[in-house]
Amino acid sequence: MLEIDKKDREILFHLSLNARAGLAELSKKTHLSKEVVHYRLKNLEKKGIIGGYYAVINTYKIGKIFFRVYMKTVNMTTEIEKKFLEYLKENPKVTWVVEVDGDLDFLYVVWGRNIDDFEDVYRGINEKFGKYIQDKFFSVMTNVYYLKNKYLVGREDFTYKLTGGKIEHPVMDELDLKLLSLLSNEGRLPLVEIAKKLKSNAKIVKYRMKKLMQKEIITCYNVKINHKALGYTQRKVMLNLNETSQDSMKKIISFIKYHPNTIYITIAIGQYDLEFEMMENNHEDFHKILKDIKNNFPGLIKNYFTVIFYNEPKVGQLSLYNEKQKINIQK
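Attention in this report is confined to the structure presented alongside it. Because the structure is predicted, anything quoted here is derived from the model rather than measured. (Residues numbered from 1 in each chain as written. Predicted model: local features only at pLDDT ≥ 70, side-chain atom pairs only at ≥ 80, totals over all residues. Heavy atoms only, no water.)

**Comments concerning the pattern of salt bridges**
Oppositely charged side chains are able to pair whenever their charged atoms sit close together.
Here is step 1: Tallying each qualifying case throughout the model produces 21 salt bridges.
Here is step 2: One salt bridge connects E277 with K236, and the closest N-O pair in it is separated by 3.1 Å. Linking E277 in strand β10 (residues 274-280) with K236 in strand β8 (residues 233-241), this pair joins segments that are 41 residues apart in sequence. The same class applies to E277 as to K236, namely buried.
Here is step 3: Sharing partners across several salt bridges, the network here consists of R68, K236, E275 and E277. (Salt bridge = Lys/Arg side-chain N within 4 Å of Asp/Glu carboxyl O. Helix = DSSP H or I, 4+ residues; strand = E, 2+ residues; numbered from the N terminus. Buried < 20%, exposed > 50% of the residue type's maximum accessible area, 1.4 Å probe, protein only.)

Given below as structure tokens:
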């Protein structure tokens with residue numbers, strides 16, 4: 001486990017949901033000089049505590065839906081598992097891949113315009129690896145709450161960003177698509193470097209990024225933190241509820257949203273009514289939050305299911321430019 005001090009934690013905290021924050025902004029928030037912030041950032045990257053930065057793209061704003069597959073495998077050797085993960089990582093329609101511990105082994109997310117798009121990807125995966133799949137279930141994400149990494153600093157913070165919602169089909173040109181694809185992989189890349197890679201100029205790139213934020217196509221910029229290196233475990237909790245009225249859902253989401261350990265909340269159509277992800281120092285953290293929910297909402301939880309994340313080979317990366325014929329392209 002790597003030790004970091006309070007100031008490093010503050011930097012990581014302020015980068016969550018705001019990973020393009022400049023040195024001046026981070027300096028003001030952490031009460032450190034810009035030079036010290038820059039040094040600490042580079043040191044966190046060098047140690048592997050920061051694994052990168054990425055733009056959170058609200059694919060619903062560009063006509064795409066998130067389909068999620070949860071899997072339990074059988075007779076999958078280490079060699080087959082490696083090939084399986086490489087296949088998912090290289091598939092441009094797969095945006096998120098997670099290896100988990102518990103009663104499941106893998107979770108992956110496919111983005112597509114409709115069920116036909118999803119079926120094409122799923123059939124391709126099943127043709128190659130179907131004999132190793134023992135069990136599976138599916139869900140369609142409708143909303144995701146991205147929360148500040150409060151667990152790093154142990155404080156309350158009500159900031160969140162929301163993706164999902166109504167499906168829209170905006171008109172975008174090739175530069176927009178290339179820009180979104182690049183930012184989903186390298187979210188903190190300087191404007192000059194982005195412009196160079198896209199064969200544009202910094203002024204145009206800055207304007208396009210601003211418009212994509214205004215249209216809520218880019219929800220925010222996030223930081224990839226190697227939580228295991230800091231001694232944390234990431235857990236996904238899936239809840240079945242006895243009451244799913246709009247009022248009940250709003251209240252429990254509000255409670256979970258402000259809990260210091262939670263980092264994501266997902267609303268989906270599928271086997272479970274509500275899901276959230278949390279960081280824990282030990283298993284007691286999980287039992288405490290579950291007890292808190294039960295005490296504040298007696299009789300609401302019907303049952304729950306939980307898995308531990310231990311590897312995320314792919315997080316949020318999109319390949320949009322290859323999809324240009326399937327999105328409204330401005331000539």
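**Concerning the pairing of strand β4 (residues 106-112)**
Here is step 1: Where burial is concerned, most of β4 is hidden: seven out of the seven residues are buried.
Here is step 2: Across the two faces of β4 the burial is the same, with F106, Y108, V110 and G112 and L107, V109 and W111 all buried.
Here is step 3: In this sheet, β4 lies alongside strand β2 (residues 65-73) in antiparallel orientation, the contact comprising seven bridges. By the bridge assignment, F67 is partnered in β4 with V110.
Here is step 4: Strand direction decides the pairing type here: strand β3 (residues 94-101) and β4, joined by five bridges, are antiparallel. Across the sheet, E99 pairs through a bridge with F106, a residue of β4.
Here is step 5: Between the antiparallel neighbours β3 and β4 lie four residues, among them G102 with a positive phi of about 135°. (Pairing = 2+ DSSP bridges.)

**Quick word on the side chain of N143**
Here is step 1: By the element assignment, N143 lies in strand β5 (residues 133-147).
Here is step 2: Dropping the residues within four chain positions of it, N143 is found in contact with L162, T163, G164, G165, I265, T266 and I267. (Contact = heavy atoms within 4.5 Å.)

**Let's talk about the packing of aromatic side chains**
Here is step 1: Considering all chains together, one arrives at 17 aromatic pairs under this definition.
Here is step 2: With 5.8 Å between their ring centres and 25° between their planes, F118 and Y122 make a pair best called stacked. With F118 and Y122 both in helix α5 (residues 115-129), this residue pair falls four residues apart, about one helical turn.
Here is step 3: Measuring from ring centre to ring centre gives 5.3 Å for Y122 and F138, while their planes differ by 80°; the resulting arrangement is edge-to-face. Taken as a pair, Y122 in helix α5 and F138 in strand β5 lie far apart in primary sequence, 16 residues in all.
Here is step 4: On the basis of relative accessible area, Y122 is assigned to the buried category, the value being 13%.
Here is step 5: Pairwise contacts between aromatic rings join F67, F118, Y122 and F138 into one cluster.
Here is step 6: Geometry around F13 places K148 over its ring, the cationic atom sitting 4.5 Å from the centre.
Here is step 7: Above the ring of Y53, the side-chain terminus of R188 is found at 5.8 Å from the ring centroid. (Phe/Tyr/Trp six-rings, centres within 6.5 Å; stacked < 30°, edge-to-face > 60°. Lys NZ or Arg CZ within 6 Å of the ring centre and 35° of its normal.)

**Some words on the packing of helix α1 (residues 6-15) against helix α3 (residues 34-46)**
Here is step 1: It is the contact of α1 with α3, at a shortest axis distance of 11 Å, that shows an interaxial angle of 85°. With respect to each other, α1 and α3 are oriented roughly perpendicular. Across from K7, D8, I11, L12 and L15 in α1, the residues of α3 making contact are R40, L41 and L44.
Here is step 2: Split into classes, the residues belonging to the contact of α1 with α3 amount to five nonpolar, no polar and three charged. (Axes fitted to C-alpha atoms, helices over the stretch in contact; angles between N-to-C directions. Parallel < 35°, antiparallel > 145°, perpendicular 65-115°, else oblique. Nonpolar A, V, L, I, M, F, W, Y, C, P; charged D, E, K, R; others polar.)

**A closer look at helix α9 (residues 246-257)**
Here is step 1: A rise of 1.5 Å per residue sets the reference length of α9, with its twelve residues, at 16 Å; its end C-alpha atoms lie 16 Å apart and thus fit the reference within 8%.
Here is step 2: When we look at burial in α9, the residues that qualify are S248, M249, I252, I253, I256 and K257. Buried residues in α9, looked at end-on, bunch into an arc of 155°, giving them a common side.
Here is step 3: Considering only its buried residues, α9 is in contact with β5, β6 (160-164), β8, β9 (262-270), β10 and α10 (283-296). (Expected span 1.5 Å × (residues − 1). Arc of directions from axis to C-beta.)

**A word on a positive patch on the surface**
Here is step 1: A contiguous patch of positive charge on the surface is contributed by K206, K210, K211 and K215.
Here is step 2: The residue K215 is located in the loop between α8 (202-214) and β7 (218-225) in this model.
Here is step 3: On the basis of relative accessibility, which here comes to 45%, the residue K215 falls in the partly exposed class. (Patch = residues over 30% accessible without salt bridge, like charges linked within 9 Å, V, L, I, M, F, W, Y side chains within 5 Å. Areas by Shrake-Rupley, 256 points an atom, 1.4 Å probe, with all protein chains shown as cover. Lys, Arg positive; Asp, Glu negative; His and termini not counted. Charge placed at Lys NZ, Arg CZ, Asp CG, Glu CD.)

**Overview of the packing of helix α6 (residues 174-183) against α8**
Here is step 1: Viewed as axis vectors pointing N to C, α6 and α8 meet at an angle of 80°, and their least axial separation amounts to 11 Å. Regarding the angle of α6 to α8, the classification is roughly perpendicular. Side by side, α6 and α8 meet where L175, D176, L179, L180 and L183 of the first sit next to I204, V205, R208, M209 and L212 of the second.
Here is step 2: Of the residues contributing to the contact of α6 with α8, the split by class is eight nonpolar, no polar and two charged.

**Describing α1**
Here is step 1: Within α1, seven of the ten residues are buried, which leaves it mostly tucked inside the rest of the structure.
Here is step 2: For α1, the set of buried residues is D8, E10, I11, L12, F13, H14 and L15.
Here is step 3: For α1, the secondary structure elements touched by its buried residues are α2 (23-30), α3, β1 (50-57) and β7.
Here is step 4: Capping of α1 at its N-terminal end is provided by D5; its side-chain oxygen lies 3.2 Å from the backbone amide nitrogen of K7.
Here is step 5: Positive backbone phi, approximately 70°, marks L17, located one or two places after α1. (Polar contact = N/O pair within 3.5 Å; in protein donor to acceptor, adjacent residues only side chain to side chain.)

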